[in-house]
Amino acid sequence: MKTDTPQPIHLADYAPVPYLIDSVDLDFRLDPQDTVVRSRLTLRPNPARSDRGAALVLDGERITLQSLALDGTVLQPGQYRVEAQSLTIMEVPQRAFTLEMVTRCNPSANTELSGLYVSGGVFCTQCEAEGFRRITYFHDRPDVMARYTVRIEAEREQVPVLLSNGNPREDGVIGGTTRHYAVWDDPFPKPSYLFALVAGDLGSVHDTFTTASGRDVALGIYVLKGKEDRCAWAMDSLKASMRWDEQRFGREYDLDVFNIVAVPDFNMGAMENKGLNVFNDKYILANPETATDADYVNIEAIIAHEYFHNWTGNRITCRDWFQLCLKEGLTVFRDQEFTSDLRSRAVKRIADVKTLRARQFPEDNGPLAHPPRPAAYIEINNFYTPTVYEKGAEICRMMLTLIGEQAFRKAMDLYFERHDGEAATVEQFVQCMAEASGRNLAQFFTWYTQAGTPTLTAEGQYDAATRQYTLTLEQKVKPTPGQAEKQPLHIPLGIGLVGPDGADMPLDLDGVGTLNTPLIEMTEQRQSFRFNNVAKRPVLSLNRGFSAPVMLEANLPTADELFLMGHDSDSFNRWEAGQRLGRNLVLAAYRGTATAADVSAYAAALKKIIDDAATDDAFKALMLLLPSESEIAAAIGADVDTDKVHAARDGLRRAIARQLAKELDDIWVRTAEPGPYRPDPASTARRALRQTALALMVMGNPAHGIKAALAEFDAAHNMSAEIGALGALVQIDCPEREAALDQFHARHAHEHLLVDKWLLLNAQAQGPDAAARITRLTQHPDFKWTTPNKVYALLSGFVGANPAGFNAEDGSGFRVIADAILKIDPVNPQVASRLATGFRSCKLLNSSRKSAAQAELERILAEPSLSRDVFEIVSKIAAS
């Protein structure tokens, strides 16, 4: 068992560094096994610190110090101390001074992919959150912002491309050698986590973007050679992002060049390093033969996200890692708005809420719950979470809802003006919102500091005699780790009262008058709102547009839900009504109380929607999808039998598919590919409906559905069609599924991104031997334990997309994942800890499953050399 229990870091202990770093000069002599880094830092005492004469303590790990000089004088061993994670210089001048160091590292041995490492023969860095300390000794924290000049030297033939942050200053050949160099200069101060270097034998594509002020910016996308023809969509997405940020937020790009590099080995999706974004190549490479519609949409969104960080993350960064949601939540909100403007706003909102419910709600409801701005952590890499990202974005959206578009833009302009070049806090951001709008947001700020998802209970009463409708709301947040007591939140709620004719009724709020904006604000634990002049009994449509990230319990009669499903003018709540009905039907099947009449009424409501020619195909596809098995388990709340959940949900899907058999066949005929593949919104929507229909056809009439899926698979001329057909087949245990999976691998074994898709499809495959399939595939030559994408596809895919398999009653699913965590942890703790979060909802399960999961958690904790990353996650789950 691990004996040296890691200790948490607390927000309350924040203090500025004793010494600021103004400029950094780095000289890299690249070698795969022995890279030499020469660093020259210009430092000065921090005027924000009252204590003078403190020792200089710099972060550093897994590097070898070769030499150290202060103001040109070489320091002797007695003047400094090197420890496993730091360099301490006992005495430094109380004025500006320079520090020169030479360090060495081994990029090829860096399997954690943090710091400087080698991926596919390419030198690459990943410094967020604390990777720069693996390159040189430094104040490796976000509030130390410095200007960087970087010289890179390498073998010219093996490493012809040399890239870093900022603008290129010079390059050349080193006389009498086979080596060359390049110098890059970044004029904008940045923290060390935004430093980047990429060097290798890369192919590239180039373009130009002309800014609103008329400057030409050189754009480059660098990929492994032979992949250049798959960069066009990424380049188009980059230019669209740059144009949108100018138009929506008035933010123009500030350097002469903007480069993107795509590598196959990367722990995250992408990284916003100033002027040199580094991407997991799955979020850059796309053509119709290798990328699905989902890939095209993700590439567009993630490129936008990383580009938008140039202002919300780079020009203004976060003061400390506790403020991570300041840059990530705000930037997720911005990329969501970007996609909404380019595609369907209604469909995007639904997609974002589905992601929030699948990823963040379970986190808020379990042992890993934490506020968007946490008060403590053990390992910062564990806090790149759905709460920080997705819930952080929802908080920004609520502020927009509360203060309005005009005031929000004014607040953003004030934020950029006031804090450009600074490391800011969440308080400073919210203060800009308050000043620009004139609103008091003190209570609203609790969203940042309080964990847990609020449950909102709504009860409406209509008095026909007085023509008044009274809505009584009550909010409650369950205790979460470290927060037993909860405060009422300031909750903005979009509202509609829908009349019998399906039209919205006027909102005449007692004491206020007619609402210009259909919005009410809840600030108390229990609160009532009375609406006057309500001519007839309305149907309540609350939390329209998902205006607040709450769990709503309105307990509407089934007839009212069916009415909203067919008539609500708010697309989100129309979908939401369908989701509530679907959830209730699955729960009824799980409990043995389902009736054929209720299922028929639900199917009839779906029929009306899919028969409506005016309704968007993407919206129709979303309406046909039931809540996930994980959402159903969360609704049950305790003693969950995941096999029964799976059977109940599949049973309802079969019943719906049989009642809508003709309509599904009609969709199948109507949505056939009319010509060459196009990733535009309309074509993407059509394919989404087609694939959703196919999945239901396979469930409702397996012989007919399997035949259609195999025909689609054999004739597919784009990857969306191919994956759609396979996705339908993996739902059921049949020989055709196994043959198609084998055929897919045989077709695409040469393409690593398609091998990842094959692994994910296998992970989703239903059946009693699901865990054995995963074990077998970890031994496949195409699976690599050291490649994050392979681990995420197979193992995270199994945990997230195959609840029945992962939560198998015999414990085999838990065991295979625990084995994987123990195997990966010594190689890449970040990947291992992310995999460990899959156990977070096990406390909802019945006793046999819960005991099996607990045994595996304790087995993991018994490992003496367990990393901080995995210890933090597993110990919290095991103790809950």
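Computed from a predicted structure; not experimentally measured.

J.: Would you mind going over the overall build of the protein chain with me for this structure?
T.: Of regular secondary structure, the protein chain possesses 27 helices and 33 strands. Over its C-alpha trace the protein chain gives a radius of gyration of 28 Å, about what one expects of a compact globule, namely 29 Å for 880 residues. Its C-alpha atoms put the protein chain at 90 × 65 × 60 Å along the principal axes. Counting only residues that meet the buried cut, the protein chain has 61% of its 880 residues in that class. A separation threshold of at least 6 residues defines the contact pool for the protein chain, and within that pool the share at least 24 residues apart is 71%. For the protein chain, the exposed surface amounts to about 32,700 Å²; the carbon and sulfur share of it is 51%. Separation between the mean location of the 93 positive side-chain charges and that of the 115 negative ones in the protein chain comes to 2 Å.

J.: Any chance you could explain the pattern of salt bridges here in plain terms?
T.: Charged atoms that come close allow side chains of opposite charge to pair. All chains considered together, the criterion is met by 76 salt bridges. Salt-bridge contacts for Arg-345 lead to Asp-341; the nearest nitrogen and oxygen are separated by 2.7 Å. One salt bridge connects Arg-653 with Asp-650, and the closest N-O pair in it is separated by 3.7 Å. Pair noted here: Arg-653 and Asp-650 are both in helix 14 (residues 642-659), with a separation of 3 residues, about one helical turn. For the pair shown, Arg-653 and Asp-650 are each scored as buried. Through salt bridges with shared partners, one network takes in Asp-27, Arg-29, Arg-151, Glu-153, Glu-155 and Arg-179.

J.: Just checking my understanding: could you explain the nonpolar core for this structure?
T.: Proteins that are soluble and globular tend to have nonpolar side chains buried together. Counting 291 residues, the largest nonpolar core has Phe-429 and Phe-531 as its most contacted members. For this core, the element with the highest residue contribution is helix 5 (residues 386-403), accounting for 10 residues. Beyond its immediate stretch of four places on either side in the chain, Phe-531 contacts Arg-467, Gln-468, Tyr-469, Ile-495, Leu-497, Leu-507, Asp-508, Leu-509, Leu-515 and Ile-520.

J.: What should I look at first to understand the packing of helix 17 (residues 702-715) against helix 19 (residues 735-748) in this one?
T.: Each pair of packed helices gets described by two things: the angle between the helix axes and the distance between those axes. Taken N-terminus to C-terminus, the directions of helix 17 and helix 19 make an angle of 10 degrees; their axes are 12 Å apart at the nearest point. Taken together, the axes of helix 17 and helix 19 lie roughly parallel to each other. Of the residues in helix 19, those in contact with Ile-706, Leu-710, Phe-713 and Asp-714 of helix 17 are Glu-736, Ala-740, Gln-743, Phe-744 and Arg-747. Broken down by class, the residue content of the contact of helix 17 with helix 19 amounts to 5 nonpolar, 1 polar and 3 charged.

J.: Please clarify how the pairing of strand 5 (residues 64-70) should be interpreted in this entry.
T.: Each regular strand shows side chains that alternate between the opposite faces of the sheet. The sheet contact formed by strand 5 and strand 9 (residues 97-105) spans 6 bridges and is antiparallel. Across the sheet, residue Ala-69 finds its bridge partner in strand 9, namely Glu-100. Here strand 5 pairs with strand 6 (residues 73-74) via 2 bridges, running antiparallel. Directly across from Leu-70, in strand 6, lies its bridge partner Thr-73. Between strand 5 and strand 6, which follow one another and run antiparallel, lie 2 residues, and Asp-71 among them has a positive phi close to 50 degrees.

J.: What is the right way to read unusual backbone geometry from this model?
T.: Trans peptide bonds make up most of the peptide bonds, and negative phi angles are found at most residues other than glycine. Cis peptide bonds are those with omega within 30 degrees of zero, and the linkage from Glu-128 to Ala-129 qualifies with 5 degrees. The phi dihedral of Asn-555 falls on the positive side, at around 50 degrees, and the residue is not glycine. Its place among the elements puts Asn-555 in the loop between strand 33 (551-553) and helix 9 (558-567). The class for Asn-555 is exposed, based on a relative accessible area of 66%.

J.: How do you make sense of the side chain of Asp-281 when you look at a structure like this?
T.: Mapped onto the secondary structure, Asp-281 falls in the loop between strand 21 (276-280) and helix 2 (293-308). Of the side chains with opposite charge, Lys-227 lies nearest to the buried Asp-281, which makes no salt bridge, at 6.6 Å. Residues in contact with Asp-281, not counting those within four places in the same chain, are Ala-262, Val-263, Pro-264, His-752, Leu-753 and Asn-789.

J.: What am I meant to see in the packing of aromatic side chains here?
T.: For any pair of aromatic rings, geometry is given as the distance between the ring centres together with the angle between the planes. Taken as a whole, this structure holds 33 aromatic pairs when the rule is applied. Look at Trp-233 and Tyr-296: their rings are 5.3 Å apart centre to centre, the planes differ by 75 degrees, and that puts the pair in the edge-to-face class. Residue Trp-233 is found in helix 1 (residues 232-249), and its partner Tyr-296 is found in helix 2; the two are separated by 63 residues along the sequence. Accessibility assignment for this pair places Trp-233 and Tyr-296 in one class, buried.

J.: Mind showing me how you'd approach the sheet that holds strand 27 (residues 491-498) here?
T.: Two orientations exist for strands paired in a sheet by backbone hydrogen bonds: parallel and antiparallel. One open sheet holds the 3 strands; their spatial order is 30-27-32, and the pairing between them is antiparallel. Among the strands making up the open sheet, the edge pair consists of strand 30 (519-522) and strand 32 (539-542). Each strand of the sheet is rotated relative to its neighbour by a mean of 35 degrees, with strand direction disregarded. Where strand 27 and strand 32 come together, 4 bridges link them in antiparallel fashion. Following the sheet pairing, Gly-496 is matched in strand 32 by Ser-541.

J.: Can you walk me through the environment of Gly-513 in this structure?
T.: With respect to the element layout, Gly-513 can be found in strand 29 (residues 513-514). Classification of Gly-513 as partly exposed rests on a relative accessible area of 21%. Sequence separation of Gly-513 and Asn-532 is 19 residues, and the distance between their C-alpha atoms is 8.7 Å. Sequence-distant contacts of Gly-513, defined by excluding residues within four places in its chain, comprise Leu-507 and Asp-508.

J.: So what exactly am I meant to see when it comes to the sheet that holds strand 12 (residues 146-155) here?
T.: The 8 strands lie next to each other as 6-5-9-3-2-12-15-14, forming an open sheet whose pairing is mixed. Looking at strand neighbours, the two that pair on one side only are strand 6 and strand 14 (167-173), the edges of this open sheet. In this structure, strand 12 lies alongside strand 15 (residues 179-190), joined through 9 bridges in antiparallel fashion. Residue Val-150 lies in a different strand from strand 15, and its bridge partner there is Trp-184.

J.: Mind showing me how you'd approach the environment of Val-799 here?
T.: Note that Val-799 resides in helix 22 (residues 788-801). In this structure, the C-alpha to C-alpha distance between Val-799 and Val-297, residues 502 residues apart in sequence, is 24 Å. In contact with Val-799, other than residues within four places in its own chain, are Phe-806, Ile-817, Leu-835 and Gly-838.

J.: I would appreciate a short explanation of the environment of Gln-360 in the present structure.
T.: Its place among the elements puts Gln-360 in helix 4 (residues 345-364). The spatial distance from the C-alpha of Gln-360 to the C-alpha of Gly-452 is 9.7 Å, given a sequence separation of 92 residues.

J.: Could you clarify how one ought to interpret the packing of helix 25 (residues 829-836) against helix 27 (residues 868-879) in this entry?
T.: Packing of helix 25 against helix 27 leaves a shortest axis separation of 8 Å and a crossing angle of 15 degrees. With respect to their mutual orientation, helix 25 and helix 27 come out roughly parallel. In this structure, helix 25 meets helix 27 at a crossing whose hand is left-handed. Contacts from Pro-829, Gln-830, Ala-832, Ser-833 and Ala-836 in helix 25 reach Asp-869, Val-870, Ile-873, Val-874 and Ile-877 in helix 27. The class makeup of the residues in the contact of helix 25 with helix 27 is 7 nonpolar, 2 polar and 1 charged.

Conventions used here
Residues numbered from 1 in each chain as written. Predicted model: local features only at pLDDT ≥ 70, side-chain atom pairs only at ≥ 80, totals over all residues. Heavy atoms only, no water. Helix = DSSP H or I, 4+ residues; strand = E, 2+ residues; numbered from the N terminus. Rg over C-alpha atoms; globule rule 2.2 N^0.38 Å. Buried < 20%, exposed > 50% of the residue type's maximum accessible area, 1.4 Å probe, protein only. Contact = heavy atoms within 4.5 Å. Areas by Shrake-Rupley, 256 points an atom, 1.4 Å probe, with all protein chains shown as cover. Lys, Arg positive; Asp, Glu negative; His and termini not counted. Charge placed at Lys NZ, Arg CZ, Asp CG, Glu CD. Salt bridge = Lys/Arg side-chain N within 4 Å of Asp/Glu carboxyl O. Core = buried A, V, L, I, M, F, W, Y, C linked by side-chain atoms within 4.5 Å. Axes fitted to C-alpha atoms, helices over the stretch in contact; angles between N-to-C directions. Parallel < 35°, antiparallel > 145°, perpendicular 65-115°, else oblique. Nonpolar A, V, L, I, M, F, W, Y, C, P; charged D, E, K, R; others polar. Pairing = 2+ DSSP bridges. Phe/Tyr/Trp six-rings, centres within 6.5 Å; stacked < 30°, edge-to-face > 60°. Left-handed = near helix turned anticlockwise from the far one by under 90°.

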